[in-house]
Protein chains: 2
Amino acid sequence: MTVYLDNNASTAVDQSVIEAMMPFFTETISPPSSDYGHSFGVEAKQALDSARETIASKINVDPLEIVFTSGQAESNNFAIKGIAFANLNKENKTLIASSVSHSTILDSLKALKSFGFNMKLIKVDSEGFIDRDHLREVLSDNNHSPILVSIPHGNVEIGTIENIEEISSLCQEYNVPLHIEATYTFCKVPIDASVVDLATITSHLIHGPKGVGALYIKKGLRIKRIIDGGLQENKMRGGTENLPGIVGFAKAVEIYSSETNKKARDLRDYLWQVFEKKITDYQITGPINKDVRLPNHFSAVINYVEGESMLLHLDLLNFMIATGSACSSKQLKASHVLTAIGLPTEISHGSIRIGLSKYNTKEEVDQFIGHLASIVARLREMSPVSAEFMREWQEMKEEGAVSEEDHHHDDSDELEES
Amino acid sequence: MTVYLDNNASTAVDQSVIEAMMPFFTETISPPSSDYGHSFGVEAKQALDSARETIASKINVDPLEIVFTSGQAESNNFAIKGIAFANLNKENKTLIASSVSHSTILDSLKALKSFGFNMKLIKVDSEGFIDRDHLREVLSDNNHSPILVSIPHGNVEIGTIENIEEISSLCQEYNVPLHIEATYTFCKVPIDASVVDLATITSHLIHGPKGVGALYIKKGLRIKRIIDGGLQENKMRGGTENLPGIVGFAKAVEIYSSETNKKARDLRDYLWQVFEKKITDYQITGPINKDVRLPNHFSAVINYVEGESMLLHLDLLNFMIATGSACSSKQLKASHVLTAIGLPTEISHGSIRIGLSKYNTKEEVDQFIGHLASIVARLREMSPVSAEFMREWQEMKEEGAVSEEDHHHDDSDELEES
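Because the structure is a prediction, the values reported are computed rather than measured. (Residues numbered from 1 in each chain as written. Chains lettered and ligands numbered in written order. Predicted model: local features only at pLDDT ≥ 70, side-chain atom pairs only at ≥ 80, totals over all residues. Heavy atoms only, no water.)

*Asks:* Just checking my understanding: could you explain the relation of the copies chain A and chain B for this structure?
*Replies:* The pair of chain copies shares a relation made of a rotation about an axis and a shift along it. Superposition of chain A onto chain B requires a rotation of 180° combined with a translation of 0.0 Å along the rotation axis, giving an RMSD of 0.0 Å. Here the symmetry operator amounts to a two-fold rotation axis. By C-alpha distance to the rotation axis, the residue of chain A lying nearest is Ser70 of chain A, at 3.0 Å. When the interface residues of chain A are mapped onto chain B, 100% of them are again interface residues, pointing to one common binding face. (Least-squares fit on C-alpha atoms with pLDDT ≥ 70 in both. Contact = heavy atoms within 4.5 Å.)

*Asks:* Whenever I open this one, the pattern of salt bridges confuses me. Can you help?
*Replies:* Where charged atoms from two side chains of opposite charge approach closely, those side chains can pair. Summed over the entire model, instances satisfying the criterion amount to 34 salt bridges over all chains. Linking Asp49 of chain A and Lys45 of chain A is a salt bridge whose minimum nitrogen-to-oxygen distance equals 3.4 Å. Of the two residues, Asp49 of chain A and Lys45 of chain A both sit in helix H2 (residues 39-58), 4 residues apart, roughly one turn of that helix. Judged by its relative accessible area of 24%, Lys45 of chain A is partly exposed. The partner of Asp269 of chain B in a salt bridge is Arg265 of chain B, and the shortest N-O contact between them spans 3.8 Å. Separated by 4 residues within a single helix, Asp269 of chain B and Arg265 of chain B lie in helix H9 (residues 258-278), roughly one turn from each other. Relative accessible area serves as the criterion here: at 27%, Arg265 of chain B is assigned to the partly exposed category. Linked through salt bridges whose partners overlap, the residues forming this network are Lys81, Asp107 and Lys110 of chain A together with Arg225 and Asp228 of chain B. (Salt bridge = Lys/Arg side-chain N within 4 Å of Asp/Glu carboxyl O. Helix = DSSP H or I, 4+ residues; strand = E, 2+ residues; numbered from the N terminus. Buried < 20%, exposed > 50% of the residue type's maximum accessible area, 1.4 Å probe, protein only.)

*Asks:* Looking at this model, I keep getting lost on helix H4 (residues 103-112) of chain B. Mind explaining?
*Replies:* One turn of an α-helix holds 3.6 residues; hence residues three or four places apart share an orientation. All names here are of chain B. Counting buried residues along H4, 8 of its 10 residues qualify, which places the element largely inside the surrounding structure. Listed as buried for H4 are Ser103, Thr104, Ile105, Leu106, Asp107, Ser108, Leu109 and Leu112. Buried residues along H4 sit in contact with helix H3 (72-86), strand E3 (93-98), strand E4 (118-122), strand E5 (145-152), strand E6 (178-181) and helix H11 (336-340).

*Asks:* Help me understand the pairing of strand E10 (residues 297-302) of chain A, please; the structure alone is not making it clear to me.
*Replies:* A regular strand carries its side chains on alternate faces of the sheet. All names here are of chain A. The element E10 is largely enclosed, with a buried count of 6 among its 6 residues. Looking at chain direction, strand E9 (residues 282-284) and E10 are connected through 3 bridges and run antiparallel. The residue of E10 that forms the bridge with Ile284 is Ala300. Relative to strand E12 (residues 351-355), E10 runs antiparallel, the two sharing 5 bridges. (Pairing = 2+ DSSP bridges.)

*Asks:* For this particular structure, what's the right way to read the packing of helix H1 (residues 15-26) of chain A against helix H8 (residues 243-255) of chain A?
*Replies:* Any two packed helices are characterised by the angle at which their axes cross and by the distance between the axes. Residue and element names in this part refer to chain A. Where H1 meets H8, the axes come as close as 8 Å, and the angle between the chain directions of the two elements is 155°. By the criterion of interaxial angle, the relationship of H1 to H8 is roughly antiparallel. Here the hand of the crossing between H1 and H8 comes out right-handed. Along the contact surface, H1 presents Ser16, Val17, Ala20, Met21, Phe24 and Phe25, while H8 presents Leu243, Pro244, Gly245, Val247, Gly248, Lys251, Ala252 and Ile255. (Axes fitted to C-alpha atoms, helices over the stretch in contact; angles between N-to-C directions. Parallel < 35°, antiparallel > 145°, perpendicular 65-115°, else oblique. Left-handed = near helix turned anticlockwise from the far one by under 90°.)

*Asks:* Can you help me understand the domain arrangement of chain A in this one?
*Replies:* Accessible area lost during the coming together of the parts is what is often quoted as the interface size. Residues and elements named next belong to chain A. Split into domains, chain A comes out as domain 1 (15-255) and domain 2 (258-409). Listed per partner, the contact involves 28 residues of domain 1 and 26 residues of domain 2. Summed over both partners, the interface of domain 1 with domain 2 buries about 2000 Å², with 59% contributed by carbon and sulfur atoms. Contact with domain 2 buries surface across domain 1, with Glu157, Ile158 and His207 losing the most and accounting together for 34% of the total. Counting across the domain 1 and domain 2 interface gives 0 salt bridges. The tally of links from domain 1 across to domain 2 stands at 9 residue pairs in polar contact (both at pLDDT 80 or more). Partitioned by chemical class, the residues of the side of domain 1 that touches domain 2 number 11 nonpolar, 13 polar and 4 charged. (Domains from an automatic or database assignment. Buried area = accessible area lost by both parts, 1.4 Å probe. Polar contact = N/O pair within 3.5 Å; in protein donor to acceptor, adjacent residues only side chain to side chain. Nonpolar A, V, L, I, M, F, W, Y, C, P; charged D, E, K, R; others polar.)

*Asks:* When you look at the interface of chain A and chain B in this model, what are you seeing that I'm missing?
*Replies:* On the chain B side, the residues contacting the 72 residues of chain A number 73 residues. Taking both sides of the interface into account, the surface hidden between chain A and chain B amounts to around 5700 Å²; carbon and sulfur atoms contribute 63%. The interface formed by chain A and chain B holds 4 salt bridges in total. Where Asp107 of chain B meets Arg225 of chain A, a salt bridge forms, and the shortest distance between an N and an O atom there is 3.2 Å. Where chain A packs against chain B, one counts 18 residue pairs in polar contact (both at pLDDT 80 or more). Of all the secondary-structure elements, those providing two or more residues to the side of chain A that touches chain B are H1, H2, helix H3 (72-86), helix H4 (103-112), H8 and helix H10 (307-316) of chain A. Broken down by element, the side of chain A that touches chain B gets its largest block of residues, 6 residues, from H1 of chain A. Within the side of chain A that touches chain B, the residues separate by chemical class into 30 nonpolar, 28 polar and 14 charged.

Below is the structure:
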């Protein structure tokens with residue numbers, strides 16, 4: 001039995017979501033766009049409209065402002081390139097993102113360079129919040145003509161929830177549209193998307209199917225579609241609609257209740273508490289204040305161990321967690337997010353990230369932390385850095401220079417030591 | 001019980017495909033890209049690799065030449081814009097397509113105009129085949145620098161199967177890469193994609209799920225990805241892979257046998273035969289030679305009736321067919337394909353299109369043609385054009401000017417009469 005604790009990378013599809021999709025796999029199979037009168041097309045169209053309403057109302061926007069896509073990557077590319085290509089002929093056109101933005105956003109910006117676009121990345125503080133002064137400075141720079149600001153609403157690696165009202169006010173002052181990457185906050189944090197211009201949301205992190213998401217586009221915003229063809233999605237996204245996926249997405253939204261969130265949050269709080277009791281020499285990454293942190297999210301760097309090694313050992317015991325972001329884990333480089341919040345590379349290699357869901361239990365958390373504590377201890381024994389540190393520390397302790405209490409969590413000390 | 005005869009717009013997902021997807025909805029949920037060692041990621045990666053092999057081998061290419069996408073629209077946009085954006089700085093850059101290309105291709109070409117690209121559409125003959133002379137003329141025009149030729153391998157509206165070897169030789173002569181839109185031929189007609197440079201294939205027309213497809217990209221071809229971000233799909237398509245969809249797609253390919261095709265083709269041949277017996281005053285659209293026509297495809301224009309009216313009446317009897325293409329049916333304009341093969345607008349409004357599948361039966365075909373014949377008769381009675389024609393024709397018959405045999409299918413006469 002595997003214990004899956006990586007629910008900010010992907011989630012299990014809820015049984016009721018699968019049931020909701022089923023008739024659209026086998027019965028109502030006609031594309032909803034072909035509503036030239038036949039019943040299947042009409043049924044399909046009604047299901048599509050109803051899904052659009054469910055999702056729009058969840059983020060307080062009009063159904064016609066929702067465009068279904070194939071998920072987070074497409075929605076983010078759509079937001080960035082759609083705005084860029086609508087401003088192709090502007091001079092000094094600049095796109096602004098955060099230094100902790102998602103790779104689909106940062107890579108879209110890089111791709112736009114060959115089309116004559118500039119990009120500016122806003123610094124973040126040690127907890128991952130946008131540096132307001134830096135944003136204002138970039139927005140008011142007369143050498144650039146900002147056409148879009150894109151910020152993560154919730155950060156997958158360190159759990160930071162940005163205050164979108166504040167950022168939105170700032171953008172409105174300079175009359176620049178704002179895109180929020182709300183993949184990780186959608187359904188987990190209340191979102192009033194009507195205060196922003198674009199929002200990326202997706203299905204696969206809320207127990208819905210993979211391969212489906214949406215982009216909220218404020219009415220009247222100048223944007224080009226990136227998947228051309230046909231009349232679907234109010235002419236904003238070509239192609240036969242993935243109706244089973246869209247219906248599943250809406251069902252997942254419908255059943256994602258405050259109870260779902262409370263369960264994951266309580267479990268996260270419990271995990272956090274047990275972690276701090278059982279693990280030594282670590283540093284929480286992202287906000288300490290739980291009110292501005294994704295409710296199901298815990299992340300830390302554990303000193304003197306490699307994230308990869310921890311993961312492998314945990315996997316042998318059938319526990320699944322993440323290190324860095326799933327998207328960049330293959331690269332074996334320090335995560336750009338951990339670098340942006342100022343962590344040195346050696347430290348950030350010890351990063352772990354836990355994403356809890358309604359399917360997890362207290363027992364799983366207890367077992368997980370138990371295993372993690374032994375793995376960390378074993379890895380530190382094997383690690384020369386750790387061994388040396390432990391010896392020195394032991395000597396100091398014997399000399400009376402440190403007490404047991406000192407062997408506790410303290411950010412500044414740990415950073416100096418490493 | 002609805003009789004679904006629109007299997008070139010969409011198909012019912014096979015039960016074994018649903019079963020194959022199921023573990024990837026609820027159990028193996030980790031993104032395959034996060035293969036940093038944990039078992040779920042490894043299982044996911046293996047499933048992804050295996051699906052890629054199945055699909056690659058079906059069109060005789062290397063697995064690494066297959067990039068999974070969200071389906072036909074994305075693959076077509078990817079092929080067109082990917083090649084265009086890799087040639088952004090070329091002069092007089094021109095993209096060549098067919099006048100019967102799919103809307104996702106034609107609209108991509110239109111969108112590229114603002115980036116300085118030219119487009120040329122190749123004429124087709126009355127059965128929808130590319131005019132070779134016109135293609136050669138455009139390819140050899142020194143005022144243009146062709147960067148891509150895109151042609152439909154199979155045409156959804158009129159069933160034409162193009163000879164890709166012939167077109168490929170011509171393109172190779174001028175050293176221009178060739179993209180084939182193989183959505184409608186994939187699994188239905190043998191495809192050796194290694195003779196072309198790009199091929200669009202999709203899942204939802206072969207009893208696989210919607211929202212997943214692929215683009216074959218020949219090794220070494222200069223192309224840009226259109227969905228940026230991450231390392232997925234050999235860095236050619238960002239975003240968490242839709243693994244349930246991809247696994248379902250591969251399963252659908254696996255079970256799409258020559259038997260599946262034979263069943264649909266036999267049924268189509270039978271339908272064609274009964275249609276010609278029971279319906280009067282029509283014109284087959286697309287190739288008469290069944291060897292160069294999609295095996296499950298039948299299409300015709302029926303004179304003096306509106307396609308829409310036929311559809312509505314058939315729908316009341318729970319029979320589903322199509323008129324024009326599903327994508328353009330909302331537009332209530334004459335289909336661009338029927339216009340391109342030279343049909344006058346009045347005639348093309350009477351178009352119908354049947355797509356058969358392994359789920360259809362001979363009884364359904366019999367019932368369908370029976371209903372169609374009565375509907376056509378009734379509609380013609382109501383139609384003033386038809387009424388007038390029938391009266392005149394009756395008078396001529398009474399005067400001995402026509403015999404019973406004349407009341408049979410004859411293209412040229414019908415075209416003159418209308």
